Amino acid sequence: MNLFRSVRAVADASATGSGTIDWDAVAEAAKSATDPGSLDLTDAERAGYAADVRDARDRLAAVAEVEFDVPEVVEVQNRHHWIDANVATFRRVMVPFEEHGPTVLPGFTRAVNTGSFAFVLSFLGNNVLGQYDPLLLADGDDDHGLYFVHPNIRRVADSLDVDYPRFRRWIAFHEVSHAAEFGAAPWLSTHLESRMQRGVDALVDGDLDRDAFRELDTAMTAVEGYAELLMDRAFDDDYEDLRRKLDERRQGGGPVAKLARRLLGLGLKRRQYERGARFFEHVADERGVVAASRVWDHPENLPTDAELDAPERWVARVSP
């Protein structure tokens, strides 16, 4: 970890280039501020990751009765690998803002933006355990990605004093649950992209498209909640101790970590998990997991914001 190189990369961003963000400097600064962690996996660990993903895919497909496959890109990464992969994601989202460009103090704006994104990627790179990447807003036919940040998984398992292979398997089941959703609903990426694009375009024009962000939040609540349901019904072990310890850890930390979580909206994501999980638990308890999976048949089957808090209304509309 080299904080001097990180600060230097951000400072240099204000003096070079014409864009509002220096993405090369973002990557350099984020990685300079982040210990990459070890990727010295044993043969047993490599086989364990592969088995976890394979078993999760088979169990989830059987429980939900949906057809899907895991992405061809399945990577066990260190923290720098994860930062590199996600610089591309942030860059795609920010294209409209960069095209709009700063109106005043372009050099200062460039440095501030570069430093902000470097901080975000460094913070997340130190905390993300696994990620299913649907490559939203990406051009071309690139396959989705499934990433496991091995140094973080190992460190968190040790800090929580839980069995590492069991914890790793739990993370794999959660991320493959997202692969099941996007595999069962080929339209889902386009649905999310359109709402995201509308919201971003409005912000660039100095407006706020509340409907776009509300629809995006509702869809993401369904995505997170359904993944929780599948985890609960498909994971081959009790995991309440893992969830409780991980939640306690996320609520802890120093003031900088707490501020970062608030600014990044990680509390909102937790609320999406909880709200979506309540919705799908009700549906599954009343009609079964297969009935809950009908949410992915077509976009009209997504619950509305009101139905998320009144799942019986969704059941009456979609599964009468």
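It should be noted that the structure appears before, not after, this text.
Chains are numbered independently. Their residues run from 1 in the order of the written sequence. Under the rules for a predicted model, residues below a pLDDT of 70 receive no local features and side-chain atom pairs below 80 are neither given nor counted, while totals for whole chains, interfaces and linings still include all residues. Note that the side-chain values use all heavy atoms of the structure and ignore hydrogens as well as water.

K.L.:
Describe the overall build of the protein chain, listing the residues and the values that go with them.
P.N.:
Secondary structure assignment for the protein chain yields 15 helices and 3 strands. Residue contacts follow a heavy-atom distance rule, with two residues in contact if any of their heavy atoms lie within 4.5 Å. The long-range share in the protein chain, meaning contacts at least 24 apart out of those at least 6 apart in sequence, stands at 78%. Note that accessible areas follow from Shrake-Rupley with a 1.4 Å probe, and for residues the cover is restricted to the protein chains shown. Summing over all exposed atoms, the protein chain offers an accessible surface of approximately 15500 Å²; the carbon and sulfur share of this is 52%. Numbering of helices and strands runs from the N terminus; a helix is a DSSP stretch of H or I covering at least four residues, while a strand is a stretch of E covering at least two.

K.L.:
I'd like to hear about the sheet that holds strand E2 (residues 130-133), residue by residue, with values.
P.N.:
Here the rule is simple: two strands pair whenever DSSP picks up at least two bridges between them. Across the sheet, which stays open at both edges, the 3 strands sit in the order E1-E3-E2 with mixed pairing between neighbours. In this open sheet, the two edge strands, each paired with only one partner strand, are strand E1 (73-77) and E2. Strand-to-strand twist across the sheet, computed as the mean angle between neighbouring axes with direction ignored, equals 15°. Inspection of the sheet shows E2 paired to strand E3 (residues 145-149) by 4 bridges, in the antiparallel sense. Note on geometry: axes are lines fitted to C-alpha atoms, helical ones only across the stretch in contact, with angles between N-to-C directions running from 0 to 180 degrees.

K.L.:
Any chance you could break down unusual backbone geometry for me, citing the residues and the numbers?
P.N.:
Despite not being glycine, Glu65 has its phi angle at roughly 55°, a positive value. Among the secondary structure elements, Glu65 is positioned in the loop between helix H3 (43-64) and E1. Summary of the burial criterion: residues with accessible area below 20% of their type's maximum are buried, those above 50% are exposed, and those between are partly exposed, where the area comes from a 1.4 Å probe applied to protein chains only. Here Glu65 falls in the exposed class, since its relative accessible area comes to 61%. For Asp161, which is not glycine, the phi torsion reads 60° and is therefore positive. If you trace the backbone, Asp161 turns up in the loop between helix H6 (150-160) and helix H7 (164-184). Taking relative accessible area as the criterion, Asp161 reaches 67% and is therefore assigned exposed.

K.L.:
Describe in detail the nonpolar core, supporting the description with residues and values.
P.N.:
Ranked by internal contacts, the top residues of the largest apolar core, which has 62 residues, are Phe167, Trp170, Tyr226 and Trp296. Top element by residues in this core is H7. It accounts for 10 residues. Those residues in contact with Trp296 that sit more than four places away from it in its chain are Glu181, Ala184, Ala185, Trp187, Leu188, Ala222, Val223, Tyr226 and Leu302. For this analysis, a nonpolar core means a set of buried residues of the types Ala, Val, Leu, Ile, Met, Phe, Trp, Tyr and Cys, connected via side-chain atoms within 4.5 Å. If you look at the next biggest cluster of nonpolar residues, it comprises 18 residues, including Trp23, Ala29, Ile83 and Met94.

K.L.:
I'd like a rundown of the pattern of salt bridges, residues and numbers included.
P.N.:
The salt bridge criterion pairs a side-chain nitrogen of Lys or Arg with a carboxyl oxygen of Asp or Glu, the two atoms within 4 Å. Enumeration according to the criterion identifies 21 salt bridges in this entry. Where Arg233 meets Glu281, a salt bridge forms, and the shortest distance between an N and an O atom there is 2.9 Å. You can see Arg233 sitting in helix H9 (residues 210-234) and its partner Glu281 sitting in helix H12 (residues 266-287), a full 48 residues away along the chain. Here Arg233 ties to Asp285 by a salt bridge, and the two come within 2.9 Å at their closest N and O atoms. In this pair, Arg233 sits in helix H9 while Asp285 sits in helix H12, placing the two residues 52 residues apart along the sequence. Through salt bridges with shared partners, one network takes in Asp52, Asp55, Arg168, Arg169 and Asp236.

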